[in-house]
Amino acid sequence: MSKGRWPVPPPPSRAVPLPGQQPSLPGQDPDTPIRVQAIVDSPSYRIADQDADFLSLEDTRGLRLHVDYLKPELLLREHGIRHTIVVFGGTRISEPAAAAREVAACRAALAVDPGKPECQRALEIAERRAAKSHYYGVARELGRLVGDSGDGPRDCGVVVMTGGGPGIMEAANRGAFDAGAESVGLNIKLPREQFPNSYITPQLCFQFHYFAMRKLHFLQRARALVAFPGGYGTLDELFETLTLVQTRKIQPVPVVLVGEDYWRRAVDFDFLVEEGVIDPEDRDLFWYAETAQEVWDGIQEWHRANGGDLFPCG
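The numbers attached to residues start from 1 for each chain and follow its sequence in the written order. Confidence filtering applies because this is a predicted model: local features only for residues at pLDDT of at least 70, side-chain atom pairs given and counted only at 80 or more, and all residues used for totals across whole chains, interfaces and linings. Side-chain descriptors were evaluated using all non-hydrogen atoms of the structure, hydrogens and water having been removed beforehand.

A. Focus on the overall build of the protein chain. Secondary structure elements are taken from DSSP: a helix is a run of H or I of four residues or more, a strand is a run of E of two residues or more, and numbering for both begins at the N terminus. For the protein chain, the helix and strand inventory stands at twelve helices and seven strands. Taken over C-alpha atoms, the radius of gyration comes to 28 Å for the protein chain, far larger than the 20 Å a tight globule of 314 residues would show. Considered along the principal axes of its C-alpha atoms, the protein chain spans approximately 90 × 60 × 45 Å. Going through the 314 residues of the protein chain one by one, you find that 39% of them count as buried. Residue burial considers only the protein chains on display, and all accessible areas are found by Shrake-Rupley using a 1.4 Å probe. For the protein chain, the computed accessible surface area is about 18,600 Å², with 56% contributed by carbon and sulfur atoms. Counting rule for charge: Lys and Arg are taken as positive, Asp and Glu as negative, and neither His nor the chain ends is counted. By convention, charge coordinates are those of NZ in Lys, CZ in Arg, CG in Asp, or CD in Glu. Of the charged side chains in the protein chain, 34 are positive and 43 negative, and the gap between their average positions amounts to 6 Å. As defined in this context, the radius of gyration uses C-alpha atoms, and a globule is described by 2.2 Å times the residue total to the power 0.38. When accessible area is computed with a 1.4 Å probe and restricted to protein chains, residues below 20% of their type maximum are described as buried, those above 50% as exposed, and intermediate ones as partly exposed.

Take a look at the structure:
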């Protein structure tokens, strides 16, 4: 090249392939392509981050835990989700119309076979669930109140976060949806797939492999936990939060139990105090409420009384 002349950038492909860019060359061992293909097909040759078998090993669990946490974290930051009101409750508590249809179906089945104990039991359960179906409306209204809070529906300073499933969680996401606000759903991969409810913001619905990472995200941004009547999953989240607050492993957050009659029967906190397994002050880590407005007013008052702000700047 002449002095003072600069080379132009090379084209994307070479005019002459480099050695090794072809499996064999003329005159080589005729079995070379077969052996090269065997090497390329070997699991050891897969790029590590594209090797599902490798990433599923016991020894790579740490990597899986990391990405299970990191993907939702990055997306939540990207969407400006700073703080959340976490809502939990039974997946079997449906809206009143659906609950009434379930009762009607059970009554029809019992009418066909009046002496069948299973039908009688199914009807009793359906009627008890129907009696709790008004909580669906309470959760939906709470979701709307949160969605309308702050600077309005487009303000992501405080948003609803649920477990992403049906029932009470659907209702809370639905209330935010009614308000035109974003809301988050943290689903979990189960042996029997659980589809997310349709009211979650699509870009803010995540599926976790590990319960531990899901639990971490529930509390990492939580400004309150609201627990409606529910089963093992609801009790799990409730008691984990109470334990973390009790031990001051996290900064205290308001915990609201919706439906005092249900919760007083489901968990006898007074008995725990009397037995000396928790302190009287531990009984004051939560309170009961019945309506969405009571829940929302109580959460805001709790933060004011504790010298904080439900809508912090950061």
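B. Spotlight on the pairing of strand 2 (residues 158-162). Most of strand 2 is tucked away, with five of its five residues classed as buried. What you see with strand 2 is no split at all: Val158, Val160 and Thr162 on one side and Val159 and Met161 on the other are buried throughout. For two strands to count as paired, DSSP must find a minimum of two bridges between them. Pairing geometry for strand 1 (residues 83-88) and strand 2, over five bridges, is parallel. The residue of strand 2 that forms the bridge with Thr84 is Val159.

C. Inspection of the sheet that holds strand 6 (residues 255-258) at higher detail. Taken in spatial order, the seven strands of this open sheet run 4-3-2-1-5-6-7, and their pairing is parallel. Every interior strand has two partners, whereas the edge strands, strand 4 (205-208) and strand 7 (287-289), have only one. Mean inter-strand twist for the sheet, computed between neighbouring axes without regard to direction, equals 25 degrees. Of the strand pairs in this sheet, strand 6 and strand 7 are connected by three bridges, and their pairing is parallel. Across the sheet, Val256 pairs through a bridge with Trp287, a residue of strand 7. In this description, a line fitted to the C-alpha atoms serves as the axis of each element, helices being fitted only across the stretch in contact, and the angle between N-to-C directions of two axes falls anywhere from 0 to 180 degrees.

D. The packing of aromatic side chains, seen in detail. Two rings from Phe, Tyr or Trp (for Trp, the six-membered ring) form a pair when their centres are within 6.5 Å of each other. A pair whose planes differ by under 30 degrees is stacked, one over 60 is edge-to-face, and the rest are tilted. One pass over the full model with this rule turns up seven aromatic pairs. Geometrically, the ring pair formed by Phe177 and Tyr199 is edge-to-face, given 5.4 Å between the ring centres and 65 degrees between the ring planes. You can see Phe177 sitting in helix 7 (residues 168-178) and its partner Tyr199 sitting in the loop between strand 3 (183-188) and strand 4, a full 22 residues away along the chain. Three or more aromatic residues link up through ring pairs in this structure, and these residues are Phe239, Phe269, Phe286 and Tyr288.

E. Seen up close, the packing of helix 6 (residues 134-147) against helix 7. Interhelical geometry of helix 6 versus helix 7 gives an angle of 40 degrees and a closest axis separation of 6 Å. Taken together, helix 6 and helix 7 sit at an angle that is classed as oblique. Crossing geometry of helix 6 relative to helix 7 is assigned as right-handed. Every residue of helix 7 that contacts helix 6 at Tyr135, Tyr136, Ala139, Arg140, Gly143 and Arg144 is listed here: Ile168, Glu170, Ala171, Ala172, Arg174, Gly175, Ala176 and Asp178. The residue inventory of the contact of helix 6 with helix 7, partitioned by class, reads seven nonpolar, two polar and five charged. Here the angle decides the label: under 35 degrees means roughly parallel, over 145 means roughly antiparallel, 65 to 115 means roughly perpendicular, and every other value means oblique. Crossing handedness is defined as follows: a turn of the near helix away from the far one that is anticlockwise and smaller than a right angle gives a left-handed crossing, while the clockwise case is right-handed. Here, residues are in contact when the closest pair of their heavy atoms is within 4.5 Å. Nonpolar residues are Ala, Val, Leu, Ile, Met, Phe, Trp, Tyr, Cys and Pro. Charged residues are Asp, Glu, Lys and Arg, and all others, Gly as well, are polar.

F. Main features of helix 12 (residues 292-305). To estimate the expected span of a helix, count its residues, drop one, and scale the result by 1.5 Å. End to end, helix 12 covers 20 Å across 14 residues, agreeing with the expected 20 Å (1.5 Å per residue, within 8%). Of the residues making up helix 12, those classed as buried are Ala292, Val295, Trp296, Gly298, Ile299 and His303. For helix 12, the arc enclosing every buried residue in end-on projection is 160 degrees, short of the 170-degree limit, so these residues lie on one face. Residues Arg304 and Ala305 are exposed on helix 12 and point more than 90 degrees away from its buried face. Gly307 lies just past helix 12 and shows a positive phi near 75 degrees. What the arc measures is the spread of directions leading from the helix axis to the C-beta atoms.

G. Structural context of the side chain of Glu170. For Glu170, the position within the fold is in helix 7. Any pair of N or O atoms that falls within 3.5 Å is considered a polar contact. Within protein, one atom must be able to donate a hydrogen and the other to accept it, and sequence-neighbouring residues count only if both atoms are side-chain atoms. Within the structure, the side chain of Glu170 is placed 2.5 Å from the side chain of Tyr136, a separation counted as a polar contact. Setting aside residues no more than four positions away along its own chain, Glu170 makes contact with Tyr136, Gly165, Asn197 and Tyr199.

H. Structural view of the pattern of salt bridges. The rule for a salt bridge is simple: a side-chain nitrogen of Lys or Arg has to be within 4 Å of a carboxyl oxygen of Asp or Glu. Within the structure shown, the criterion is met by 19 salt bridges. Among the ionic pairs, Arg107 bridges to Glu127, the shortest N-O distance being 3.3 Å. In this pair, Arg107 sits in helix 4 (residues 96-112) while Glu127 sits in helix 5 (residues 117-131), placing the two residues 20 residues apart along the sequence. A residue is classified by how much of its surface remains accessible, and Glu127, at 33% relative accessible area, is partly exposed. Several salt bridges converge on common partners, so that one network encompasses Lys215, Asp236, Glu237 and Glu240.

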